[in-house]
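Report on the structure
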Amino acid sequence: MTAIPLQIAVLTGSPPAADAVGAVELVPTVLFGLYGGVLADRADRRTVALATEVALTVLSTLLLANALIGTPAV
């Protein structure tokens, strides 16, 4: 929740761009948080935990790769 807006602020030099990214991150969290709770209650907990950890690992690796290249993409 902090790293991406910070990286956008550093890359663009625009605090409003970082604020916009923060808002875009917040909306799905609020909207899908309710559905995630229902999914967690109805599905097998191990399956949900494994799927979310795999997704987190893949997306974090992609963000790291983008940050480490010579000219990171916004």
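Anything mentioned here points back to the structure above.
Residues numbered from 1 in each chain as written. Predicted model: local features only at pLDDT ≥ 70, side-chain atom pairs only at ≥ 80, totals over all residues. Heavy atoms only, no water.

**Description of the overall build of the protein chain**
A count of helices and strands for the protein chain gives three helices and zero strands. Counting helices and strands in the order they occur from the N terminus, the protein chain gives α-α-α. Taking 2.2 N^0.38 as the reference for a compact globule, 74 residues should give roughly 11 Å; the C-alpha atoms of the protein chain span a radius of gyration of 15 Å, well beyond that estimate. With the C-alpha coordinates aligned to their principal axes, the bounding extent of the protein chain is approximately 45 × 25 × 15 Å. Buried positions account for 7% of the 74 residues belonging to the protein chain. A total accessible area of about 5900 Å² is found for the protein chain, and carbon and sulfur atoms account for 73% of it. (Helix = DSSP H or I, 4+ residues; strand = E, 2+ residues; numbered from the N terminus. Rg over C-alpha atoms; globule rule 2.2 N^0.38 Å. Buried < 20%, exposed > 50% of the residue type's maximum accessible area, 1.4 Å probe, protein only. Areas by Shrake-Rupley, 256 points an atom, 1.4 Å probe, with all protein chains shown as cover.)

**Quick word on a nonpolar patch on the surface**
Residues L50, V54, V58, L59 and L62 make up a contiguous nonpolar surface patch of about 480 Å² in total accessible area. Tracing the backbone shows L62 in helix α3 (residues 45-68). (Patch = residues over 30% accessible without salt bridge, like charges linked within 9 Å, V, L, I, M, F, W, Y side chains within 5 Å. Salt bridge = Lys/Arg side-chain N within 4 Å of Asp/Glu carboxyl O.)

**What about the packing of helix α1 (residues 3-12) against helix α2 (residues 15-42)?**
Direction vectors running N to C along α1 and α2 enclose 155°, while the axes themselves pass 8 Å from each other. In terms of orientation, α1 lies roughly antiparallel with respect to α2. Like other packed secondary-structure pairs, α1 and α2 cross with a definite hand, here right-handed. Residues I4, P5, I8, A9 and T12 of α1 form the contact with α2, whose participating residues are A17, A18, V21, G22 and E25. Grouping the amino acids of the contact of α1 with α2 by side-chain chemistry returns seven nonpolar, two polar and one charged. (Axes fitted to C-alpha atoms, helices over the stretch in contact; angles between N-to-C directions. Parallel < 35°, antiparallel > 145°, perpendicular 65-115°, else oblique. Left-handed = near helix turned anticlockwise from the far one by under 90°. Contact = heavy atoms within 4.5 Å. Nonpolar A, V, L, I, M, F, W, Y, C, P; charged D, E, K, R; others polar.)

**Notes on the side chain of E25**
If you trace the backbone, E25 turns up in helix α2. R45 provides the closest opposite charge to the buried, salt-bridge-free E25, at an N-O distance of 27 Å. For E25, the residues in contact, after removing those within four places along its chain, are M1, I4 and P5. (Lys, Arg positive; Asp, Glu negative; His and termini not counted.)

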